[in-house]
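Descriptive analysis of the structure
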Amino acid sequence: MTDRRNFLRLSALGTGAVLTAQACSEHALVESNPTLQPETAPAMKETPIVVSTWKHGITANLAAWNLLQSGGYALDAVEAGVRVAESDVENRSVGLGGYPDKEGKVTLDACIMNEKSNCGAVAFLQDIENPVSVARKVLDETPHVMLVGKGALDFALAKGFEKRNLLVPEAEEAWKKWMEGSNYTPPPINTENHDTIGMLAIDSSGRISGACTTSGAAYKMHGRVGDSPIIGAGLFLDSDVGAACATGLGEAVIRVSGSAMVVELMRQGHAPEEACKIVVERIINKLGDMTHIQVGFLALNKHGEYGGYSVYNGFNFALKTGTREALIDCPFNRKW
Ligand code: GLY
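Residues numbered from 1 in each chain as written. Predicted model: local features only at pLDDT ≥ 70, side-chain atom pairs only at ≥ 80, totals over all residues. Heavy atoms only, no water.

**Some remarks on the overall build of the protein**
Basically, it comes down to this: Numbered from the N terminus, helices here are DSSP runs of H or I no shorter than four residues, and strands are runs of E no shorter than two. Contact criterion: two residues are considered in contact whenever any of their non-hydrogen atoms come within 4.5 Å of each other.
Within the protein one finds 10 helices and 14 strands. Considering only intrachain contacts with a sequence separation of at least 6, the fraction spanning at least 24 residues in the protein is 65%.

**Details of helix H7 (residues 169-180)**
Quick reminder: α-helices carry 3.6 residues per turn. Residues three or four places apart thus point the same way. The line we're drawing: To estimate how far a helix should reach, multiply one less than its number of residues by 1.5 Å. Buried, partly exposed and exposed residues are distinguished by accessible area as a fraction of the type maximum, computed with a 1.4 Å probe on protein chains only: under 20%, between the cut-offs, and over 50%, respectively. Starting at the helix axis, one direction is taken to each C-beta atom, and the arc is that of these directions.
Helix length check: H7, at 12 residues, gives a terminal C-alpha distance of 17 Å against a target of 16 Å (1.5 Å per residue), a fit within 8%. Inspection of H7 places Ala171, Trp175 and Trp178 among the buried residues, and these make up the whole buried set. The arc enclosing the buried residues of H7, seen along the axis, measures out at 60°, which places them on a common side. Residues Pro169, Glu173, Lys177 and Glu180 are exposed on H7 and point more than 90 degrees away from its buried face.

**Observations concerning the packing of aromatic side chains**
The condition is simple: Paired rings are identified among Phe, Tyr and Trp, the last through its six-membered ring, by centres lying within 6.5 Å, and are further divided according to the angle between planes into stacked (under 30 degrees), edge-to-face (over 60) and tilted (the rest).
Taken as a whole and assessed by the stated rule, the structure comprises five aromatic pairs. Look at Trp54 and Phe315: their rings are 5.2 Å apart centre to centre, the planes differ by 75°, and that puts the pair in the edge-to-face class. Of this pair, Trp54 sits in the loop between strand S2 (49-53) and helix H3 (57-68) while Phe315 sits in the loop between strand S11 (306-312) and strand S12 (316-321); the two residues are 261 residues apart in sequence, bridging distant segments of the chain. Each member of the pair, Trp54 together with Phe315, is buried. Linked through ring pairs, Tyr99, Trp178 and Tyr219 together constitute an aromatic cluster.

**Some points on the pattern of salt bridges**
Inclusion rule: By definition, a salt bridge exists where a carboxyl oxygen of Asp or Glu is found within 4 Å of a side-chain nitrogen of Lys or Arg.
All chains considered together, the criterion is met by 15 salt bridges. When the shortest N-O distance is used, the salt bridge between Arg136 and Asp76 registers 2.8 Å. Here Arg136, found in helix H5 (residues 131-141), pairs with Asp76, found in helix H4 (residues 74-86); they are 60 residues apart in sequence, far enough to count as distant. On the basis of relative accessibility, which here comes to 12%, the residue Arg136 falls in the buried class. One salt-bridge network, in which partners are shared between bridges, spans Asp76, Glu79, Arg136 and Asp140.

**Quick look at unusual backbone geometry**
Between Thr47 and the following residue, Pro48, the backbone shows a cis peptide bond with an omega angle of 0°. Even without glycine at this site, Trp54 takes up a positive phi of about 70°. The phi angle at Tyr219 is positive, at roughly 65°, despite the residue not being glycine. With respect to the helices and strands, Tyr219 occurs in the loop between strand S7 (208-214) and strand S8 (235-238). The exposure class of Tyr219 is buried, given its relative accessible area of 7%.

**Observations regarding the pairing of S8**
Note the cut-off: Only strands joined by at least two bridges in the DSSP assignment are considered to pair.
Neither face of S8 is left uncovered, since the one carrying Leu235 and Leu237 and the one carrying Phe236 and Asp238 both have all their residues buried. Sheet topology places S8 next to strand S9 (residues 242-248); four bridges connect them, and they run antiparallel. Along S9, the bridge assignment pairs Asp238 with Gly242. Between S8 and S9, which pair antiparallel in sequence order, lie three residues.

**A short note on the confidence of the model for the protein**
For the record, the criterion: Values of pLDDT, ranging from 0 to 100, describe the predictor's confidence in every residue of the model.
Within the protein, residue pLDDT values average 87, and 83% of them lie at 70 or more. Predicted confidence for residues 1-42 stays below pLDDT 50, and this span has 81 contacts to residues more than four positions away or in other chains.

The structure is reproduced here in structure tokens:
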């Protein structure tokens, strides 16, 4: 997973193209190329903009960008963006191809939220490839915020979504191998098995939106729901302030209403990265023993400034604007 730990400069235009969310490892890149200068915070104020968690955010951002660059709506952009990760059969933690729960069922959680604080979510949804689009239907076409389990599936089918087996042979094989052991404990959450995608965007009209989607922790208990579909935990935004999303162990994020807290800290004047850091430190203080517990937050304020922070090294996020495209390592509290 070395590539996750290294800053990738995928493309950049102009000398301001090296992105610096303070203390990020891209300083190494700057040192190796003196023509590139790190920016000082605030990192940027460029919109439209889209940011999303982990390396799979690179291709997801491009789908979002297709809409953003032509004046499209941020809500449509984040939906289109995270659908890419959901439909990626190689992705073991989101949508199709995700690791199953301990009973061998792939169960999905997702939510989406717009600039008017309208939101939709689904949880414990099975057999539907793109749960974020079901969440969007909940937002657009119901008076509710969240549908779960069979109710969510029935709703999706009624809206024309098609059933599909989401368990791919590679994930099934890994699950069977895990089942062979007598150890009932799910494997540690880390970059290898848990890469929820959270995406935040501001469009050319200044509208902010976010989406978050996951197949959850590998081999979780049947029925377990994490933070990703929970507004305030896996995702939150307030158009007066900005947006935040979370990745990592959902149980830890839920306990502090993680994404809502990040937004509230930005409201108090903290920069995005600093807000994420404070909430990560709060989680560490509450939980104490952080063995195998990774959590990361990504935040974007209404001005287009962004940043992230995680418990352990390895968390990164993808950025796309009209001039920049990059994968950025986040600062962290400790090393694995
Ligand atoms: N963060 C995703 C989950 O815990 O399910």
